[in-house]
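Geometric and topological summary
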Amino acid sequence: MTAARVLDAARERFRRGGRASLPAGAVREEIVASWERSAVLPTDPPFVGHHDGGPLVAAADAVLHRFVRENPEGGCSVALVGDDGVVRVRYDTDPALGELLDAAGFVPGHRCDEAAVGTTAAAVARAEGRAVLVDGPEHLHPAWRTLREAAAPVGAGQIVMVAHAGDPVSVAVARLLADAVADHDERDRRRRVLAVHDAMSALRAEGVPWVVAATGDETWLGREVVALPDADRQTLADALTACVLLGETGGPRHLDLPSGTCAEVDLREVHGDDGEVFGAVLAGGPVAVHAGAGRVSVAAREARRRQGSHVAPTARRDFAADLHRDPSSGEEARRRATQDLFGPYARVRRDATAALGRRRHLLLVGETGVGKRTLARERFTFLFPRGTSTTVDCSAPADDLRLDPGGGDAHLVLLDQVHALTPVAARRLDEALRPLTAIPGQVIVVGCLDSAAVDAGRPYGLLLRHFHDTVRVPALRHRTDELAGLAQAVLRAMSGGRSLRLSHQVVRVLEGYAWPGNIAELEDVLRYVVARKPVGIVQPPDLPALCFTSAPRLTMLETAQADAIIHALYETRGNRYKAAAMLGIARSSLYRKIDAFGISYIA
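For the structure given in this document, a descriptive report is provided here.

Procedures and definitions
- Residues numbered from 1 in each chain as written.
- Predicted model: local features only at pLDDT ≥ 70, side-chain atom pairs only at ≥ 80, totals over all residues.
- Heavy atoms only, no water.
- Salt bridge = Lys/Arg side-chain N within 4 Å of Asp/Glu carboxyl O.
- Axes fitted to C-alpha atoms, helices over the stretch in contact; angles between N-to-C directions.
- Helix = DSSP H or I, 4+ residues; strand = E, 2+ residues; numbered from the N terminus.
- Parallel < 35°, antiparallel > 145°, perpendicular 65-115°, else oblique.
- Contact = heavy atoms within 4.5 Å.
- Nonpolar A, V, L, I, M, F, W, Y, C, P; charged D, E, K, R; others polar.
- Buried < 20%, exposed > 50% of the residue type's maximum accessible area, 1.4 Å probe, protein only.
- Pairing = 2+ DSSP bridges.
- Polar contact = N/O pair within 3.5 Å; in protein donor to acceptor, adjacent residues only side chain to side chain.
- Disulfide = S-S within 2.5 Å.
- Core = buried A, V, L, I, M, F, W, Y, C linked by side-chain atoms within 4.5 Å.
- Phe/Tyr/Trp six-rings, centres within 6.5 Å; stacked < 30°, edge-to-face > 60°.
- Expected span 1.5 Å × (residues − 1).
- Arc of directions from axis to C-beta.

Quick look at the pattern of salt bridges now. Taken as a whole and judged by the stated rule, the model has 31 salt bridges. Residues Arg268 and Asp266 are paired through a salt bridge, measuring 3.3 Å at the closest nitrogen-oxygen approach. Among the charged side chains, a network of salt bridges with common partners joins Arg28, Glu30, Glu128, Arg130 and Glu138.

In structure tokens, the structure reads:
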């Protein structure tokens, strides 16, 4: 009996009786292990999309393209498969073989892992951590049994050589190609690092006080930045990371640091000779105020305006003063400061992007229905298109809680309704998170707390040690400038492509409502509108009656309390501990009143 027939018989025995039914030595151990990991009935590889795979994909594309160009009669195909099983790059030297691979689904953008197509050389090489050969009958998928593969691991992927089952395929060549890709990737990385380092050195030579540089997952801090408090240092690094990820580099901007220092920074991209973006640098320093000479810099005026924006003026003010100043200086910083003032959610998105981009565990705090879960999933997908996620319902966690990160680029563990944890469930979840959060890397944990404030005395207080950052998501009533766009986006999703839009009068009505149910209530209102008016322009009579109830206003006593809190925070430069002492109330009472009155952050 030929080897192919022996493997065919062994494969059918395995399908019926598993490993125990196989004769000793009939199938290699690594192949049997792959059969056990594979799906029982392999399917067609799903298309997951073409995503930017980073420097490794660029290096593999260059090396494999050169290999095919120099070996046009090779009779094989070469490819890069990521650790997530997605084919990133493929080049063919044999058109007939290319057609077979297309039919088998081994196409860039398709996921060819063990769950989809069964045993492949890339999957076995990843599991074994070494170069392997997989022959035709060893494949489980019928379309792959006419192929012969060799694969060798490289970085976060595998180099795969594929040929017809009867043609030779060299594991040694696959290993050499993997080494060549690794060398090319290392040279490119060194070139990017040197370019960013040179840009950083040039800024320091110019006398710039604070310099932060970043490329890929690495961040460098200048000597003066290292000397700053930890919170200020982290704020500068997060600002650089967020701006790079969101593509908002270029132009000066204002930053309020946790220590109370006001800074003006400039973010610039670092480009190579061919225009490729290698990284970015942040250059800036503390705002200079020349009080003795009677001169105040534009950034200092901007900082004072932002810090005092919540306090009513006590003297006559020239509201047209900005019109008489030089419009060119500090215009970008003034514009961004105004965006932060009137668009609080934009700042929340930047803070969340910075935290997730640095793979820091994040706690999202806000009222029920403000969109914490949507924000976490949307930002995670934006940063890690190939990432995977697991959602844990903390109100009813499973008894055998297992958080398997899988094999993607990054894995999001989303803890929903953290406030509903019982003491027993909190302890069990803490034990499950401990091994995942002890070593930074693939897993990112995001907790969603449906509460106006964090209470460490509640059961979820046991989990607070796992989080690095806290971002507060504002309620819908504090996002009136964004309400029109948000409502139109929700309406567009509900109308199914029909022509349906909101009139200006309806937008004004929606902006005047308090929205105690936040986004969930907005969706209910728009669902009611779509049911009553499937097409056309929505007018005020189409809205439910509740939208015409006026928003509750503060009483005279509450207004006086809010003014006193704002002035105390202004006098203490945002220090809530000192503000509570100045007012003679407990810090917990101060936190509750800040939440109830909707007082914004004052630095």
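Anyway, onward from the coordinates.
A word on the packing of helix H2 (residues 29–37) against helix H6 (residues 121–128). Packing of H2 against H6 brings their axes to within 10 Å, and their N-to-C directions diverge by 105 degrees. Regarding the angle of H2 to H6, the classification is roughly perpendicular. For the pair H2 and H6, contact is made by Glu30, Ile31, Ser34 and Arg37 and by Ala123, Val124, Ala127 and Glu128, respectively. Looking at side-chain class alone, the contact of H2 with H6 contains four nonpolar, one polar and three charged residues.

Once that is clear, we can look at the pairing of strand E1 (residues 77–82). Consecutive residues of a regular strand have side chains that alternate between opposite faces of the sheet. For E1, the buried fraction is high: six of the six residues fall into the buried class. Burial of the side chains of E1 extends over both faces: Ser77, Ala79 and Val81 are buried on one face and Val78, Leu80 and Gly82 on the other. In the sheet, E1 pairs with strand E2 (residues 87–92) via five bridges, with the strands oriented antiparallel. Paired with Val78 across the strands is Tyr91, a residue of E2. Where E1 folds back on E2, the antiparallel hairpin that results is connected by four residues, among which Gly85 adopts a positive phi of roughly 85 degrees. Taken together, the six bridges between E1 and strand E5 (residues 157–164) define a ladder with antiparallel strand orientation. When the bridges of E5 are listed, Leu80 appears paired with Ile159.

Strand order across the open sheet formed by five strands is E2-E1-E5-E4-E3, with antiparallel pairing between neighbours. Strands at the two margins of the open sheet, each flanked by one partner only, are E2 and strand E3 (132–134). Neighbour to neighbour, the strand axes of the sheet diverge by 20 degrees on average, direction disregarded.

Another aspect to go through is H2. Where H2 is concerned, the buried positions are Glu30, Ile31, Val32, Ala33, Ser34 and Trp35. Turning to H2, the residues buried within the fold contact helix H1 (3–17), helix H5 (114–117), H6 and E3.

The topology assignment puts Gln488 in helix H15 (residues 480–495). Here the side chain of Gln488 touches Leu502 through a polar contact of 3.3 Å, landing on its backbone nitrogen. Beyond its immediate stretch of four places on either side in the chain, Gln488 contacts Leu500, Arg501 and Leu502.

The final tally for this structure, using the stated rule, is zero disulfides. With no disulfide of its own, Cys448 lies 8.9 Å from the sulfur of Cys394, the closest cysteine sulfur. Look at Cys448 and you get buried, because its relative accessible area is 0%.

With that out of the way, let us pick up unusual backbone geometry. With a phi angle near 55 degrees, Gln417 is a residue other than glycine that sits in the positive phi range. Along the chain, the position of Gln417 falls in the loop between strand E15 (411–416) and helix H14 (423–437). Even without a glycine there, the phi angle at Asn518 is positive, about 60 degrees. Structurally, Asn518 can be placed in helix H17 (residues 518–532).

This paragraph deals with the nonpolar core. The nonpolar side chains of a soluble globular protein tend to be buried, and buried together. Counting residues in hydrophobic clusters, the biggest one holds 30 residues, and the most contacted among them are Val27, Phe106, Trp144 and Val160. Top element by residues in this core is H6. It accounts for four residues. Among residues more than four places away in sequence, those in contact with Trp144 are Ala104, Phe106, Cys112, Val117, Thr120, Gly136, His139 and Glu149. Judged by nonpolar contacts, the second largest core, of 26 residues, contains Cys76, Leu80, Leu177 and Val181.

One open sheet holds the five strands; their spatial order is E7-E6-E10-E9-E8, and the pairing between them is antiparallel. In this open sheet, the two edge strands, each paired with only one partner strand, are strand E7 (218–221) and strand E8 (252–256). Along the sheet, successive strands turn relative to each other by an average axial angle of 25 degrees, direction set aside. Against the sheet, helix H7 (residues 171–205) touches strand E6 (210–215), E7, strand E9 (262–271) and strand E10 (277–286), its axis set at about 20 degrees to E10.

Glancing now at the packing of aromatic side chains. By the definition in use, this model includes four aromatic pairs. Here Phe14 and Trp35 contribute two aromatic rings whose centre-to-centre distance is 5.3 Å and whose plane-to-plane angle is 55 degrees, an arrangement assigned as tilted. Of the two residues, Phe14 is situated in helix H1 and Trp35 in helix H2; the sequence distance between them amounts to 21 residues. The pair formed by Phe14 and Trp35 is uniform in burial state, with each residue classed as buried. Between the aromatic rings of Tyr513 and Trp515, the centroid separation amounts to 4.7 Å while the plane-to-plane angle is 80 degrees, which identifies the pairing as edge-to-face.

Right, let's talk about the pairing of E6 for a bit. Taken across its six residues, E6 has six buried, putting it largely inside the fold. By the alternation rule, side chains of E6 split into Trp210, Val212 and Ala214 and Val211, Ala213 and Thr215, which are all buried. Alignment of E6 against E10, held across five bridges, turns out to be antiparallel. The residue bridging Val211 from the neighbouring strand is Ala283, located in E10.

The end-to-end C-alpha separation of helix H3 (residues 55–70) is 23 Å, in line with the 22 Å expected for 16 residues at 1.5 Å each. Every buried residue belonging to H3 is among Leu56, Val57, Ala59, Ala60, Val63, Leu64, Phe67 and Val68, and all of these are buried. Buried residues in H3, looked at end-on, bunch into an arc of 160 degrees, giving them a common side. Of the residues in H3, the exposed ones pointing more than 90 degrees away from the buried face are Arg69 and Glu70. Looking at the buried side of H3, the elements it contacts are E1, E2, strand E4 (147–154), E5 and H7.

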